[in-house]
Structure formats: C-alpha cells, structure tokens
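Observations on chain architecture
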Amino acid sequence: MTHQNNLVEYFLHIPPKMWQEFCNNMLDCRNFNEEVIGFFFCKRHQISKIKIRYIPKAWIVPLQDCYEMQSTSGLVLTQKFHSYLLEKYLQAGLHVVHIHTHVGEMAPEFSSVDDYYESEYALFLSKHFSQKPRLISGVFNQSLQQGQFRIWDRKGKNCYSVNFSHSFLDIHKNLEQHSEIMFTRQKIFGEICQKQLNQLRVCLIGCGGIGSVFAESLGRLGVKNWTLVDPDQLELVNLNRMSGATHKMVEQHWNKVDYVKSLIKKIYQTGSCVNTIPAPINHEMAKAEIATSDLIVVATDNHLSRKQAQELALEYMRPLICLGTHIDINPTNNTPRMFCRVTVPPLGGGWCLMCGNIISLQKAAVESAPIQINQMVHRAGYLEGVNDPAVFWLNSICASTGVGVVHGIVSGFLNVDTGIDWIYEFPNSTWHQTDTKYLETPDCYFCSQFDGLEVETEADI
Ligand SMILES: [Zn+2]
Ligand SMILES: [Zn+2]
C-alpha cells in the first residue's frame, strides 16, 4: 500500500502523560515476542481547509483475555469485546485510532496483512456506523519508541500519512527556513529551537500590562505568528505599564490588540503574521482562533476569561499558560506584598486552573453576571476589578518568566508534562514552586472528563 499524497494534512496530537500511560499499559500487556494492540478514540477538529487534527478523548489497552489469538504472527480480538468498544465510542461520534506493535526494534512498516485487514476495517466502519468514523492506524516497534500513522479513506482504498506528536507543543518544522542574523546571539539554544519559535502560533488573550510585555519579549525571542484577543482600548491609566504606549494612542482610541500588533511589527520587517480580534474571549471568532493555535497564553486580570481559556484548552487539547500578578497590603505591618504567578496546567487534564485553585470560580461567576449585579457587588466591595493595583516592573517579572517557560518548553530544557505552578513573592524575593502532585484532582468537573479507561478486560464488559 503506497501512501497517497493528499492536499489535506492530518495531525494526531496525544498529550505526553496520556501517551506515557498508554505505552506503559501496552508494554505490560505483552509477553515475550508477542504483538499487542491498543485504541484511542478521537474527536475530529477541522483547523483549516487543509488541516485536520484528531483529538484523543479516550484510550483502551485490551487485556489478554480480550484476544482470541495473540502471537508473533498477529492479533485477533474477540468479537464480543470488539463490538463493545465500537458501540461505546463510535456511537458517540468519535473516530478510531488502532495501534499495534511489530516484534523487534527496527523502524516498523505496515505489512501487506495490515493493509488487507485495515482496508476491510475502514470499509466496515463506514458501512456500519451512520457517523462514518474514520480509521487511523499506527504501527510501532516492540518498545513503542518508533512508529508511524496513516488514515484510511471511507472506502478503505487509499490511506494518507498522519503527523503524530506526543510532546507538549506540536510545532511543525519548516526546515527550509534559513536562520536570521537577528537571532545570532541565541544560537546556543540550537537551530531547531529557533525554527520552532519562528513557526509557533501563539494566541494571546489579554493585551494589557502583562500581555504586552510578554508579546514584545516572546516576539524578540523569535515568535512571529500571533493572534491577539482583547476587547479594550488604551486608556491613560494603562500608560504606567505598557512599553511604547503614548498619549497620542490614547487620544486616538487605539485598541490594545492594535498597540501590541505594532510592537510585533516593529521587530519584523517581513514574515510576521498578526491577527487581531478586539473582542472578548467568548466571541465566536476568538474561540475559533484559540482552538487552532499551538499555544494559548492568558494574561487577563479577571477570573472569568481565564476559566473560559482553560475550558477551551481542555476541549481542544491545546497547551495553556496562565500569567498573573497580585498586589495587596499586608494588614499586620501595613506594607505592600507583591506576587507574580506563572501556571502551566498539564496538557489534557490531571489538574487545571479551576481544581488547582489558580482562579476563583466564585469570582468568575460574579464576573459573568450582568453589569448591574456586577456594579452592586463592586460597590459592596466584593470584586477587585479594573482598579487592581499594577506596576510595570512586577508585570515584567511575570511576563519574562512566562517567556522563559515557553523558551524552555520549545528548547527542551524545561519539562512541563505534569504542569508547573510558580509564584514569586516580593520583597521577600522567594520563588515558591507548588508540588503539582497535590494539584492532581481525579474527579474535577472540568478536567477529568477524559475516559482514561486504561485497561479493560472481558469481565468488565
Ligand atoms: Zn502489523
Ligand atoms: Zn481540573
């Protein structure tokens, strides 16, 4: 079976923790010299006319009693178990990813037996389920270190290769790109890192005091592709903390998104792409951009928009970074206390901004209430709103740390697979790192919707 060329590009991005658990279960289910199979069930997300991403919603590794036959020459699941699987997940409109291993450590190729069975399988799926689910198949070597994926058409006639990634960020590498002189002094981080930064598509929600510094700094590190979301215009009270913002811009009623766009455009004469959406995060256009970006960064000063960003990140399984600062007066000695916080929840759940108490659901609920109620609550002193204290230098520590985190993820010197939550405290000058083990919340309403089914046996059916 030759892999056809196709105008459409297919992507399968599985979160690192989910992939690790899946692989561990696959390896546990196997005796020496046996092949083993497992399934993911995915939602389809059309990113553009020519890009389709499959988002894993559940996975299963069948135990040995689910097989009729398991040997070096092949695998057959019992009929009962197989129909149970398909009925449970495909009725829900999900698509099938079927992964099997070949014996040995060589880079595996699909065999002619694989071609035959998969072709029949793809045809069977579209004939028997009205949602016409697609079949994606993967073949791996026995240690699951090397493998490849392909997607079948509904007739089982042709298949196309699928881009697979199990890292936190799934960035497409355009290797033809030449390196630019302006990044000479960052060469120490590697050419690939620079190219990936150049390719990365960041969606920034909140273009205020933290967001603008973040965009400028990450822009100068090499990120050229941006979507900026913020409904506000520049005001005089913003000028204490937005680099390069002028009185004239305020008089001309600049949108904050256009101000941040001007910062990026100053860095790149050509080659940058900045999409501005002067609307709130729940605007349909903003939602679509957030769902298709490589990385979501939320730097707003309210809890509701951060909650909405986290919900979208979970639904579309997009990486999320949350940036925030807080200033108050310590009542015991009447001196100011300052905090900045950088939070990266693990991709695909485990814990999130809500169950990790990074944001307050109570405040988010108040913020979502109609304006009249909002004003009433505000007068009663329950809500910190636009008048939250903020200074440029504290915002800069927060934004710069956020940029460092992105750099670390792309370059590979920072592992965020289980998430991070860092809090800097000034003037104590202390960095607190939350132990993310304690943030894990298996029954979170928001982030535990994934059917991490792990292993199933016939007896469970
Ligand atoms: Zn095979
Ligand atoms: Zn959660």
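The shown structure was predicted, so the numbers you read here are calculated from the model rather than taken from an experiment.

What to know about empty space enclosed by the protein
- In total, this model carries 3 cavities of 30 Å³ or more according to the counting rule given.
- Its volume calculated, the largest cavity comes out at about 80 Å³.
- In terms of lining residues, the largest cavity is bounded by Ser179, Glu180, Phe183, Thr184, Gln186, Lys187, Gly190, Glu191 and Gln194.
- A class-by-class count of the residues in the lining of the largest cavity yields 1 nonpolar, 5 polar and 3 charged.

Quick notes on the sheet that holds strand β15 (residues 335-344)
- Strand order in the open sheet formed by 8 strands is β12-β11-β10-β13-β14-β15-β16-β17, and the pairing between neighbours is mixed. Unpaired on one side and paired on the other, β12 (273-277) and β17 (430-433) mark the two borders of the sheet. Looking at each pair of strands side by side, their axes are set apart by 15° on average, direction ignored.
- By the bridge criterion, 4 bridges tie strand β10 (residues 201-205) to strand β13 (residues 295-298) in an arrangement that is parallel. Residue pairing in the sheet places Leu204 in a bridge with Val297 of β13.
- Along the sheet face, helix α7 (residues 256-267) touches β11 (225-229) and β12 and points at about 175° away from the line of β12.

Topic: the pairing of strand β8 (residues 147-152)
- As paired elements, strand β7 (residues 135-140) and β8 share 5 bridges and run antiparallel to each other. Bridging from a neighbouring strand, Ile136 pairs with Ile151 of β8.
- Connecting β7 to the antiparallel partner β8 that follows it, the hairpin turn spans 6 residues, and Leu144 within it adopts a positive phi of roughly 60°.
- Pairing geometry for β8 and strand β9 (residues 159-165), over 4 bridges, is antiparallel. Within β9, the position partnered with Arg150 by the bridge is Ser161.
- Taken together, β8 and the strand that follows it, β9, pair antiparallel across an intervening segment of 6 residues, in which Gly156 is found at a positive phi of about 70°.

Considerations on the coordination of the zinc ion (ligand 2)
- Looking at the zinc ion (ligand 2), one finds its protein donor set to be Cys352 (SG), Cys355 (SG), Cys444 (SG) and Cys447 (SG), positioned 2.2 to 2.3 Å from the metal centre.
- Here the zinc ion (ligand 2) binds 4 donor atoms, and the angle range of 105 to 115° at the metal identifies the geometry as tetrahedral.
- Considered as a linear motif, the donors of the zinc ion (ligand 2) on their single chain read C-x2-C-x88-C-x2-C.
- Classification of Cys444 by relative accessible area gives buried; the value is 6%.
- Residue Cys447 is classed as buried on the basis of its relative accessible area of 3%.

The rules we used
Residues numbered from 1 in each chain as written. Chains lettered and ligands numbered in written order. Predicted model: local features only at pLDDT ≥ 70, side-chain atom pairs only at ≥ 80, totals over all residues. Heavy atoms only, no water. 1 Å grid on protein atoms, 1.4 Å probe; cavity = no way out; pocket = protein on both sides within 12 Å on 5 of 7 lines; lining within 4 Å. Points joined across faces, edges and corners; volume = space filled by probe spheres on them. Nonpolar A, V, L, I, M, F, W, Y, C, P; charged D, E, K, R; others polar. Pairing = 2+ DSSP bridges. Helix = DSSP H or I, 4+ residues; strand = E, 2+ residues; numbered from the N terminus. Axes fitted to C-alpha atoms, helices over the stretch in contact; angles between N-to-C directions. Contact = heavy atoms within 4.5 Å. Donors = N, O, S within 2.8 Å, 3.2 Å for Na, K, Ca; no water. Tetrahedral: all angles 85-135°; square planar, octahedral: opposite > 155°, others 65-115°. Buried < 20%, exposed > 50% of the residue type's maximum accessible area, 1.4 Å probe, protein only.

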